[in-house]
Each structure stands twice: as structure tokens, then as C-alpha cells.
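Here's the letter readout for the chains.
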Amino acid sequence: MSRAVTGMLVGMALAFAGYFGGFGAFLLVAALGAVGAVVGRLIDDGTDWREFLAPRDRRTR
């Protein structure tokens, strides 16, 4: 699935949450989507979460 389609689906999910659930639901869906994106990136890259959170200068050594 292309990034454009993924972005469109995320936008539609946020729009539905905002329309039917109000602003609180919009924020909840956005926050959980961000957490899911980070977890997905960690899984795709095979990166340890401690390495992901380390400062850049420590990663290059």
C-alpha cells in the first residue's frame, strides 16, 4: 500500500472520529495512531526501543 493511500486512510479515520466522537475522540485516535506508527517503525527496522530513544551522537558510535 502506498504512503498516499495510507495517509488518506488515516485522515479519514481522524475525520470520522472527530465528526462522530468529538474533539476528545479525535485526539485519542491521533495519539494512538502516532504510537502505532512508532511501534510499526520499530518493528520494520528491527530496532531496539532503547536505541530508538538514544541521542543521535550515541547512535553513530
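For every chain, the first residue of the written sequence is number 1, and numbering continues from 1 along that sequence. A pLDDT threshold of at least 70 governs which residues receive local features in this predicted model, and a stricter bar of 80 or more applies before side-chain atom pairs are shown or counted, although totals over entire chains, interfaces and linings include all residues. Note that water and hydrogens are dropped before the side-chain values are worked out from all heavy atoms of the structure.

Asks: I'd like a description of helix α1 (residues 3-45), backed by residues and values.
Replies: An α-helix turns once every 3.6 residues. As a result, residues three or four positions apart point the same way. For α1, built from 43 residues, the straight-helix expectation of 63 Å at 1.5 Å per residue is missed by more than 12%, its first-to-last C-alpha distance being only 17 Å. For α1, the complete set of buried residues consists of Leu14, Ala17 and Leu42. Numbered from the N terminus, helices here are DSSP runs of H or I no shorter than four residues, and strands are runs of E no shorter than two. Where α1 ends, the next residue or the one after it, Gly46, has phi of about 70°, a positive value. For a helix, the expected span equals 1.5 Å multiplied by the number of residues minus one. Only protein chains enter the accessibility calculation, which uses a 1.4 Å probe; a residue is then buried when its area is under 20% of its type maximum, exposed when over 50%, and partly exposed in between.

Asks: Quick one: what's the story with the packing of aromatic side chains, residue by residue and with numbers?
Replies: Each Phe, Tyr or Trp ring (for Trp, its six-membered ring) is paired with any other whose centre lies within 6.5 Å, and the angle between the two planes then decides the class: stacked below 30 degrees, edge-to-face above 60, tilted in between. One pass over the structure, following the stated rule, counts 3 aromatic pairs. Aromatic pair Phe16 and Phe20: ring centres 6.0 Å apart, planes at 5°, arrangement stacked. Here Phe20 and Phe16 lie together in helix α1, a separation of 4 residues that amounts to about one turn. Using a relative accessible area of 48% as the deciding quantity, one classes Phe16 as partly exposed. Classification of Phe20 as exposed rests on a relative accessible area of 62%. Members of the aromatic cluster, each reached through a chain of ring pairs, are Phe16, Tyr19 and Phe20.

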